[in-house]
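Chain by chain, the residues run as shown.
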Amino acid sequence: MNDYRIKGRGRVNPNRPVRFTFDGKTFSGFEGDTVASALLANGEHLMGRGFKYHRPRGVVTAGSEEPNALIGTSRGPGRFEPNTRATMQEIYSGLTTESQNKWPSLKFDLGAINDRLYMLFSAGFYYKTFMWPKSFWDKVYEPFIRRAAGLGRSPTELDPDHYASRYLHCDVLIVGSGPAGLAAALTAARSGASVTVVDEQAEMGGTLLSEPSPMIEGQPAWDWLATTLAELAGMPNVRLMHRTTAIGYYHQNMVGLCQKLTDHLSDVPADAPRERLWRVRAGQVILAQGAIERPMVFDGNDRPGVMMAGAAQTFLHRFGVKVGNRPVILTSHDSAWHTAFDLADAGCKVAAIVDTRTDIAPALMQAAMSRQIEVLTGHTATATGGRLRVKSIRVNPVRGGTVGAARTIACDAVLMCGGWTPSLHLFSHTKGSLDWDAKAKAYLPGHKTEAVHIAGAGRGLWGIAAALEDGAKAGADALRDLGRKAGAATYAVTGDRTGTGITQKELPTDRSPGSAKAFIDFQNDVTAKDIRLAVREGMRSIEHVKRYTTNGMATDQGKLSNMNGLTIASDALGKDIPQVGLTTFRPPYTPTTFGALAGYHKGSHFEVTRKTPIDSWAAENGAAFEPVALWRRAWYFPKAGEDMHAAVNRECRATRQSLGIFDASTLGKIEVSGPDAVEFMNRMYTNPWAKLAPGKCRYGLLLGEDGFIRDDGVIGRMRDDLFHVTTTTGGAARVLNMMEDYLQTEWPELQVWLTSTTEEWATIAINGPNARKLLAPLVEGQDMSDAAFPHMSVAECTVAGFPSRLFRISFTGELGFEVNVPARHGRALWEKLMAAGKPYDICPYGTETMHVLRAEKGYIIIGQDTDGTVTPEDAGIGWAIGKAKPDFVGKRSLARPDIVAKGRKQLVGLLTENPKTVLVEGAQIVLDPKQSKPMRMIGHVTSSYWSEALGRSIAMAVVEGGFDRMGDTLHIPTADGGSQAAKVTGCVFYDPEGDRLKVE
Amino acid sequence: MLLINCPYCDDALPELEFAYAGEAHIARPADPSKLSDEEWRDFLFIRSNPRGLHAERWRHIHGCGRFFNALRDTVSDRFLTTYPAGQPRPDVTKLEAAE
Ligand SMILES: [Zn+2]
């Protein structure tokens, strides 16, 4: 009954039936069908609901520009995809699909009540309807918009598929495999150039797949296509890629391609990538993307069964499906007449050809008459009838600008053609200019910015002969630009169906235009009335009209709607189209999966995880980890039953009372060597270095030229001409880059070499009163007594037999050492120290304990206690500045007026009134918590911890004029509306005399 | 993705290998202490920010590691030329005439 398949027609394989489901119902089609063609073959036009008004919607096109027939597809658990174009999804056995934007069912949708509330959803409704009353926003409007906005539903599961990426270089990349693209490919490939041809369709051939009747080079079009594809496929220098969309055109002829590999298969090979993203760098690019048919804008033009004439021709010839038994053609272009003839020849009863033009080529009139098709020229369409499927169209004659009496024609499909728009989206990506061609009534490519050629319908040319000739010329032009020679190519074509047409604004009507639902953008439900309203309400720029009405802002980027919207906007503005301007097309050409863009960079490959040589020990011993820059660092080592708080308290106690061991390998390390090393260090760092003897180390402070703290770290002088510089964990690459910059570009005369050695060394920090007792028996080549190896010393020696750079330094305030050994020995040394430390209950600690211990001593962390606006004086470490030095990076800035001004934020300590209260890091500080909001904030908490050693909380903060507020009470408002009081102190909370560093 | 010609490696290589490093031809004063506050402010913060041709520094950070200069059009992103650090800004009219 509902069989619209025509035997013997189409390129589908009738010997391979395929069953799939749509909204739970099983349908059958043939191999080669899309979901759209298979549903149409079963008489189903209704494929979805509109986004705003939930009006019933059918398929409109046969390609990737489809705005309406968006479906959800499911290929198993986690493999649901919304908004798939039914016109692009090939069917396979087991495919499950569903319609969108409907509830409870596609045929009966309660959301269609919105259609009655039409006035609420006019242009700018986002900005108007929902503005008042304000209290409705949270509870009513926002949930409503969230439900209404967006198409389909997002999948929630992790995508189990994987996606591949490739690079490709070729001489000529051709986008589009219609006659223009194929002719270009033949010319280019025959010269020996490496050629890649891509096409988004499952099959190559472009418009030829919908035009079998012409003869090319004496062969029927499809035979010529097969011969040509075979010739190209047989050439080693040619790569043909179907199901591959050129999604974006980037600088210097890089084109992004997305190749779909498995979405058409019922049996997906294990481990096959679903899609592959190609980055192609092409010598020359040829865009042969054809043109997109424009809808007619009239009341009811969105009813299922109303579709593009060219799409009907594609469904007929490529899929062997008639879209209706009794179609009406509504056109202003000759091309749709041929659709009428082809359908009539296939057995359809074409009810009428309605053309808005009065002057029709006699040959077309003749051909219509010979098929007994009624022709109505100089007519407009003013309405359609039917609910879930068009049943009639209302047409009226237009004479001298007056719309005459209406007549209703029964039909089951309306096939419209409002002219053709050259497909220049990729060309627009290159910022090539588009020039208005008054004759073609279209924007055509103008000034080019890339090595690109446009061929065929993209240049406004019409017909297969013209496309072939232009394609061959584009191929020859590309070869010429590559410095190659092209052979001559001409193509004899008979039976070509050339033609002309006009484009227009919304069709004239005898009814109130205000109540017409004449859609321009089917996907975003924008009507002609919306565009005119936007102009009346003051939108002058096409960019504003676009955003106010959302015309062209849906997932199809206005492939069907932009030109109609522009035409109507220019009419409303009383300007010519080129005066109104164009909106911008941006990549991707069609919606692209995040999976394809992410490629291999997901899961553990999303970001590098740097691990220290001791990381494996930490993992085996139950460490909790935290990310620091790209490193993962042991955060704390919980014992059974311990939470973080308990573990950190225990680690702090153990280190202060006896012995702690810490993996500091992530510290950045840079070797500065050469005869001018000390001069270089003097210029880079604030501190003086000339008098630092080999074997000594010093805290180094690095500023930017603006005087603000950039980095810090202990720096050891190994020899006269060799410094072992340490940086913060996150700052290593930045510091090296900054050093290289000054060395290469400001002081190239200095004889200095910089080497990153971060990963050459494993660094183990040993802290606590028993640190020396642990190390001394293991060290050879260095007297470990306090006299021979005092605080801030460095030596090359061996530790537990490993060659080592041993520092006596402390970031805890306890007696401390840092042992650097070649990275490969890191874990072995760690294990030897753990074993040797047993008598002292040696305790491994992580970054959290490190933070607490350093905060108890007021040692700053760059980037936590500083934020790029803190000077050495602000941070209370002005002592690190070599005041006698004539210059260093940032010195001049320390005398800038705003740097020496009063009232700068300064780093101070805070002790809460309630010792149990641990402030929130980042919390704002005020003088008076009772002041009205917004309160004046005078600083913020930078570091805040529970100090086990002090039995109370401690905090550091930057506060305006903080050094002058010692002893004052400040207030820290909390999120619950309360406030905490805290007293300003110095930053050194523990052992202010520093006696613990000197323990014997 | 741009292709950038490193004048040291003498090869056009993907943008991913390079890092941008600000406007070119702004030398650090030999003796900053001689500069007035206004002159030092200008050195620190004031940049030309042109719409069009811009002389700027790049570093071939994932290659030879060296800093070099480039003339780039900030509208089209097109590189007119690249040249080693320390060389004067090339004459644009000559470059364009040569094209
Ligand atoms: Zn290089």
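Our structure's up above, just so we're on the same page.
The structure contained in this document is the topic of the report that follows. (Residues numbered from 1 in each chain as written. Chains lettered and ligands numbered in written order. Predicted model: local features only at pLDDT ≥ 70, side-chain atom pairs only at ≥ 80, totals over all residues. Heavy atoms only, no water.)

### Describing the sheet that holds strand β4 (residues 53-59) of chain B
Residue and element names in this part refer to chain B. Applied cut-off: One requirement defines pairing of two strands: DSSP has to find at least two bridges between them. The way it works is that DSSP assigns letters per residue, a run of H or I at least four long becomes a helix, a run of E at least two long becomes a strand, and they are numbered from the N terminus. Think of each axis as a best-fit line through the C-alpha atoms, taken over the contacting stretch in the case of a helix, with angles from 0 to 180 degrees between the N-to-C directions.
In space, the 4 strands of this open sheet follow the order β3-β4-β5-β6, with antiparallel pairing throughout. The two strands at the open ends of the sheet, each matched to only one other strand, are β3 (19-23) and β6 (79-84). Adjacent strand axes in the sheet meet at a mean angle of 30 degrees, parallel and antiparallel pairs treated alike. Strand direction decides the pairing type here: strand β5 (residues 67-73) and β6, joined by 5 bridges, are antiparallel. Along β6, the bridge assignment pairs F68 with P84.

### What about the interface of chain A and chain B?
Heads up, the rule is: Residues count as neighbours in contact if any of their non-hydrogen atoms are within 4.5 Å of one another. The buried area of a pairing is the accessible area, by a 1.4 Å probe, that goes missing from both parts when the two are put together, added over both. Note on definitions: salt bridges are taken to be side-chain nitrogens of Lys or Arg within 4 Å of carboxyl oxygens of Asp or Glu. Distance and chemistry together define a polar contact, namely a pair of N or O atoms within 3.5 Å, with one atom able to donate a hydrogen and the other to accept it when in protein, and with adjacent residues in sequence counting only for side-chain atoms on both sides. For this classification, Asp, Glu, Lys and Arg are treated as charged, while Ala, Val, Leu, Ile, Met, Phe, Trp, Tyr, Cys and Pro are nonpolar and the rest, including Gly, are polar.
Contacts between chain A and chain B engage 25 residues on the former and 26 residues on the latter. At the boundary of chain A with chain B, total buried surface from both sides reaches about 2000 Å², with 50% on carbon and sulfur atoms. Summed over the shared surface of chain A and chain B, the result is 4 salt bridges. Here D741(A) ties to R57(B) by a salt bridge, and the two come within 2.6 Å at their closest N and O atoms. Across the chain A-chain B interface, the total number found is 16 residue pairs in polar contact (both at pLDDT 80 or more). Across the side of chain A that touches chain B, the residue classes break down as 9 nonpolar, 7 polar and 9 charged.

### Details of the side chain of Q259(A)
All names here are of chain A. Applied cut-off: Throughout, exposure labels follow a simple rule: accessible area from a 1.4 Å probe, protein chains only, divided by the maximum for the residue type, with under 20% read as buried, over 50% as exposed, and the rest as partly exposed.
Considering the arrangement of structural elements, one finds Q259 in strand β14 (residues 254-260). By relative accessible area, Q259 is classed as buried at 11%. Residues contacting Q259, with those up to four places away along its chain left out, are M241, H242, R243, T244, R274, E275, R276 and W278.

### With respect to helix α6 (residues 221-233) of chain A
Residue and element names in this part refer to chain A. As a reminder of what qualifies: Multiplying 1.5 Å by the helix residue count minus one yields the expected span of that helix. Of all possible arcs, the one meant is that of the directions from the helix axis to the C-beta atoms.
Between its first and last C-alpha atoms α6 spans 18 Å; for 13 residues at 1.5 Å apiece the expected length is 18 Å, and the two agree. Within the sequence span of α6, burial applies to A221, W224, L225, T228 and L232. Projected down its long axis, α6 shows its buried positions confined to an angular sector of 100 degrees, all on one face. Those residues of α6 that are exposed and aimed more than 90 degrees away from the buried face are A230 and A233.

### Concerning the coordination of the zinc ion
Residue and element names in this part refer to chain B. Formally: Metal coordination here is assigned from N, O and S atoms located within 2.8 Å of the ion, or within 3.2 Å for Na, K and Ca; omission of water means that sites may look incomplete. A site with four donors is called tetrahedral when every donor-metal-donor angle falls between 85 and 135 degrees; four donors are called square planar, and six octahedral, when opposite donors sit more than 155 degrees apart and all other angles fall between 65 and 115; any other arrangement is irregular.
Listed as protein donors to the zinc ion are C6 (SG), C9 (SG), H60 (ND1) and C64 (SG); their distances from the metal cover 2.0 to 2.3 Å. Taken together, the 4 donor atoms coordinating the zinc ion span angles of 105 to 114 degrees at the metal, a pattern that classifies the geometry as tetrahedral. Counting the intervening residues between successive donors of the zinc ion yields the motif C-x2-C-x50-H-x3-C. With C6 in strand β1 (residues 3-6) and C64 in the loop between β4 and β5, this residue pair connects regions lying 58 residues apart in the sequence. You can call C6 buried: its relative accessible area is 0%. Look at C64 and you get partly exposed, because its relative accessible area is 33%.

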